Amino acid sequence: MTTTGRAAARAGPGTGGEPRGGPWVSLPRRLGAELQKENRTVAAEIIHEIRSQIPEFSRPLSGQFGASIQQGVETALAEFADRVTAAGGPLEAARTPVYRALGRGELVEGRSLDALQAAYRLGARVAWRRYARVARRLALGTEAVALLADAVFTHIDEIAAVSVQAYADAQADAAGTAGRRRHRLLILLTGGSGPDLETLRRAAAEADWPLPDTVAAVALGPMPEPGRGTAPATVAPRSGAGAWGTTVPSRAASASSDGPSTSFRRHRLPEPVLADLEGTSPCLVVPTPHLLFADPRLQHLLRETGAVVGPAVPPSQAADSLRWARTLRAAGAVPAPGAAPVTAPSLTELLLLADPALVRLMAARRLEPLASLTAKQRDRLASTLLACLQTPHGTAPEIAARLGIHPQTARQRLHQVHRLFGDALADPDARFEIEAALRAVLGNGAPDPDGG
């Protein structure tokens, strides 16, 4: 496409295109009328050549497809003759919708603009060949014939520019519509109350989002400032972080050199990922997480934003997955910038996070026998007690193997545990509450049961 054509498209109908004059100014006005007569058969020849040489247009010219092609060729030829008669001027505003329809039609057909551009070029060559005969019949000079050729190809460049702009506009409209539908789907998934399956299926179909068996929601931290990258972390996020979750296996994923201002745009994430990166609480919904979390583009975003990943759940429970991920963030399970994301721990540990005040009360009551000990003694006996509750039989050899200590040491500690907790260790309800309290205290660094 020529610079003249692109400028005409930018200027728009009625203002752009060749100024009055240009390649048309020196052409005789009578030529316009002769070209109009020639156009009666030129249109049919152009359509025949296009259908013969361009496979995308080889199908029968029926319905809207055929009408658009026929109208486009006839309108372009008629307008060219009129511009010759009028000594130039911009494309007529009343005719540009025809050229725009051709551009939009290519997008609807699912094609690039290559075929339409080829059709325009072929049509221009056919028209020029026929118009050159008219020029010879009228005994026009060599200079006028050269100007006629310039006018033909300038005209087709300007028309093509209008079609290209229409194609781009239609793409933008489609992307905007798709984006709005994806955002509505994301809100439906994470809005708090699980949607019924039929509603979810309908919304997913409208967003062109294949409904997966499982999803995982991700709570993101603040988006990095534009233009600033982050080096991979070399230290653990915090003490006790391992109790909150494990890291997502990944390849090395340090900050890219182009910076987050371009890294996190929609098209840089895997297409199936639903994302809200602009809200006050940015989040993702990742389908088939066991596959997509290995994608380097997604890994880069997760590392740059201190991501916390919720457990994999059915799509109808995506809101729960996000709520649990945000609960983990609120509890302090946030990786350092550049570190691998934190993933959800066991469901039991998530349950303990649901009501921290209740867990603290449970710890104060059930772990009260440990309150009079020194901090070092509390840690040792708490670990021993938890191992006792979590091993099959709670024997000294099992505890020793679990804690990596000598069996005699385990036996001594076990005697102290039984002396302190007595009959509570034989009560199923008490055992459950003790284990829950120990998981909380040993897992997240919660205050000691004596308040210290």
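Our structure's up above, just so we're on the same page.
Predicted, not measured: the structure shown is a model, and the values here were computed from it.

Engineer: Is there a simple way to think about the overall build of the chain in this case?
Structural biologist: A count of helical and extended segments in the chain gives 18 helices and five strands. A buried classification covers 44% of the 452 residues belonging to the chain. Pairs at least 24 residues apart make up 74% of the contacts formed inside the chain by residues separated by at least 6 positions.

Engineer: Would you explain the pattern of salt bridges in this entry?
Structural biologist: Two side chains that carry opposite charge are able to pair once their charged atoms sit near each other. Going through the model one piece at a time under the given rule, you end up with 16 salt bridges. Residues Glu45 and Arg129 are paired through a salt bridge, measuring 3.4 Å at the closest nitrogen-oxygen approach. In this pair, Glu45 sits in helix 2 (residues 30-53) while Arg129 sits in helix 5 (residues 114-137), placing the two residues 84 residues apart along the sequence. Glu45 sits in the partly exposed class, given a relative accessible area of 22%. The network of salt bridges with common partners includes Glu38, Glu45, Arg129, Arg130 and Arg137.

Engineer: What am I meant to see in the packing of aromatic side chains here?
Structural biologist: One pair of aromatic rings is described through two measures. These are the centre distance and the angle between the planes. Taken as a whole and judged by the stated rule, the model has two aromatic pairs. Residues Trp24 and Phe80 carry aromatic rings whose centres are separated by 6.4 Å and whose planes lie at 55 degrees to one another, so their mutual orientation is tilted. Of the two residues, Trp24 is situated in the loop between helix 1 (3-11) and helix 2 and Phe80 in helix 3 (residues 63-85); the sequence distance between them amounts to 56 residues. The same class applies to Trp24 as to Phe80, namely buried.

Engineer: Could you clarify how one ought to interpret empty space enclosed by the protein in this entry?
Structural biologist: Taking a probe equal in size to a water molecule and rolling it over the atoms shows the remaining empty space. Going through the model one piece at a time under the given rule, you end up with one cavity of 30 Å³ or more. Its boundaries defined by the atoms lining it, the largest cavity holds a volume of some 290 Å³. Taken together, 21 residues make up the lining of the largest cavity; nearest its centre are Val73, Ala76, Tyr120, Gly123 and Ile156. Tallying contributions element by element places helix 5 first for the lining of the largest cavity, with seven residues.

Engineer: Whenever I open this one, the pairing of strand 3 (residues 283-287) confuses me. Can you help?
Structural biologist: It is a general feature of regular strands that their side chains alternate between the two faces of the sheet. Burial analysis of strand 3 places five of its five residues in the buried class, the great majority of the element. Burial along strand 3 is two-sided: the face carrying Cys283, Val285 and Pro287 and the face carrying Leu284 and Val286 are both buried. When strand 2 (residues 274-276) meets strand 3, the two strands line up antiparallel, connected through three bridges. Bridge pairing links Ala275 to Leu284 in strand 3. Hairpin remark: strand 2 followed by strand 3, antiparallel, with six residues in the connecting loop.

Scoring rules and cut-offs
Residues numbered from 1 in each chain as written. Predicted model: local features only at pLDDT ≥ 70, side-chain atom pairs only at ≥ 80, totals over all residues. Heavy atoms only, no water. Helix = DSSP H or I, 4+ residues; strand = E, 2+ residues; numbered from the N terminus. Buried < 20%, exposed > 50% of the residue type's maximum accessible area, 1.4 Å probe, protein only. Contact = heavy atoms within 4.5 Å. Salt bridge = Lys/Arg side-chain N within 4 Å of Asp/Glu carboxyl O. Phe/Tyr/Trp six-rings, centres within 6.5 Å; stacked < 30°, edge-to-face > 60°. 1 Å grid on protein atoms, 1.4 Å probe; cavity = no way out; pocket = protein on both sides within 12 Å on 5 of 7 lines; lining within 4 Å. Points joined across faces, edges and corners; volume = space filled by probe spheres on them. Pairing = 2+ DSSP bridges.

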